[in-house]
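Chains, contacts and geometry: an overview
Each chain, written out:
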Amino acid sequence: MNGLGNKILVVDMRGRTDTVTPQAAIALNADPATQFDQIMAIHDPKAEGTDAWIDILNSDGSKAQACGNGTRCVVQALAAETGRKAFTFQTVAGILNAAEHEDGSISVDMGKPVFAWNRIPLSEEFFDTSRIELQIGPIDAPVLHSPSAMSMGNPHAIFWVDKDPMAFDLERFGPLLENHPMFPEKANITLAQVTSKGSLRTRTWERGAGLTLACGSAACAAAVSAARTGRTGRRVEIDVASSSIRQPLVIEWRDDDHVIMTGPAEWEWSGKVDPATGCFNRDLEPENHGQGAQAN
Ligand SMILES: N[C@@H](CCC[C@H](N)C(=O)O)C(=O)O
């Protein structure tokens, strides 16, 4: 599936106790036919009142605590399978509520943002994480500097830029910033341009996945950081610069502190995967549309 171009493998692990291994993720990503940004592995629920436990893997085999675009894909897959519209998921970061609307768009309650430096986490103490000391490029003329840092379950740094994010060499700066000592658990790196009081244009280098076409949790982090620093109001449309799908993500940071992300998801193809090795066979006919890849 894809969430605004973010390549997602939705893997049905329900009814079994094994997991998708990092080795399987790396093997699947190495094959151009199955190359992806995140795996969303749907497991049987672990907690009462939830519909599924979701295990999230990046394309380098590392685990992620949140994936906004992938969560919308899971909702669409389960809604197509069950006819239900609303779901509650559990991830390592907590409980997520999500629902598909009449027009097919999907809203996910991504939870509450976290600003405390040691919970993002950062390796240095900052009282105010809305503008931390970090820069890249020449010391007297930095290319990127003073990002807003926060966690949306996963760590994010938002660098404010005054021109199109596509004009920056994010492929070069992304890995340096993702792995900067400031971020002991690495970070997702986003360039954000304020285009009006109600809109942003973003581009993200993802932790564990590199340059992706879109990143939902980064869109949430950019929206919250923009409102937090007075750049925008609490409801913004995000134009994801790198996405080939020209549809905005709508992010609302509600008064109860929850961040609601609304956007599309799209089914592409299905197949059977061995979750231990990543060995994969694509279905000839899209017979299980809506159910994603089934573990075999
Ligand atoms: N594409 C995702 C974010 C995936 C996780 C991220 N790479 C991390 O390791 O934190 C999204 O849509 O949120």
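How each quantity is defined
Residues numbered from 1 in each chain as written. Predicted model: local features only at pLDDT ≥ 70, side-chain atom pairs only at ≥ 80, totals over all residues. Heavy atoms only, no water. Helix = DSSP H or I, 4+ residues; strand = E, 2+ residues; numbered from the N terminus. Buried < 20%, exposed > 50% of the residue type's maximum accessible area, 1.4 Å probe, protein only. Contact = heavy atoms within 4.5 Å. Domains from an automatic or database assignment. Buried area = accessible area lost by both parts, 1.4 Å probe. Salt bridge = Lys/Arg side-chain N within 4 Å of Asp/Glu carboxyl O. Polar contact = N/O pair within 3.5 Å; in protein donor to acceptor, adjacent residues only side chain to side chain. Nonpolar A, V, L, I, M, F, W, Y, C, P; charged D, E, K, R; others polar.

The next thing to look at is unusual backbone geometry. Here the residue pair isoleucine 120 and proline 121 is connected by a cis peptide bond, since its omega of -5° sits within 30 degrees of zero. Within the secondary structure, proline 121 is located in the loop between strand S8 (106–109) and strand S9 (135–136). Positive phi is not limited to glycine here, since leucine 4 has a value of about 60°. Mapped onto the secondary structure, leucine 4 falls in the loop between strand S1 (2–3) and strand S2 (6–12).

A few words now on the side chain of asparagine 188. Mapping asparagine 188 onto the fold places it in strand S13 (residues 188–196). On the accessibility criterion, asparagine 188 (4% relative accessible area) is buried. Excluding residues within four positions of it along the chain, asparagine 188 makes contact with Asn154, Pro155, His156, Ala157, Trp205, Glu206 and Arg207.

Further remarks concern the domain arrangement of the protein. Domain annotation for the protein reports domain 1 (2–109 + 266–295) and domain 2 (135–263). With 26 residues of domain 1 at the interface, the matching set in domain 2 holds 27 residues. Note on domain 1 versus domain 2: buried area summed over both sides is about 1900 Å², and carbon and sulfur give 47% of it. It is Leu4, Gln65 and Asp109 that lose the most area in domain 1 upon contact with domain 2, and together they represent 33% of the buried surface on that side. In this assembly, domain 1 and domain 2 are joined by zero salt bridges. Our count for the contact surface shared by domain 1 and domain 2 stands at 14 residue pairs in polar contact (both at pLDDT 80 or more). Put simply, the parts of the chain that give the side of domain 1 that touches domain 2 at least two residues each are S1, strand S5 (63–64), helix H2 (68–82) and S8. If one sorts the elements of the side of domain 1 that touches domain 2 by residue count, S8 sits on top with four residues. Across the side of domain 1 that touches domain 2, the residue classes break down as six nonpolar, 14 polar and six charged.

Enumeration according to the criterion identifies twelve salt bridges in this entry. A salt bridge links arginine 16 to aspartate 18; the shortest N-O distance between them is 2.8 Å. Residue classification places arginine 16 among the partly exposed residues on the basis of a relative accessible area of 25%. The salt bridge partner of arginine 201 is aspartate 164, with a shortest N-O separation of 3.1 Å.

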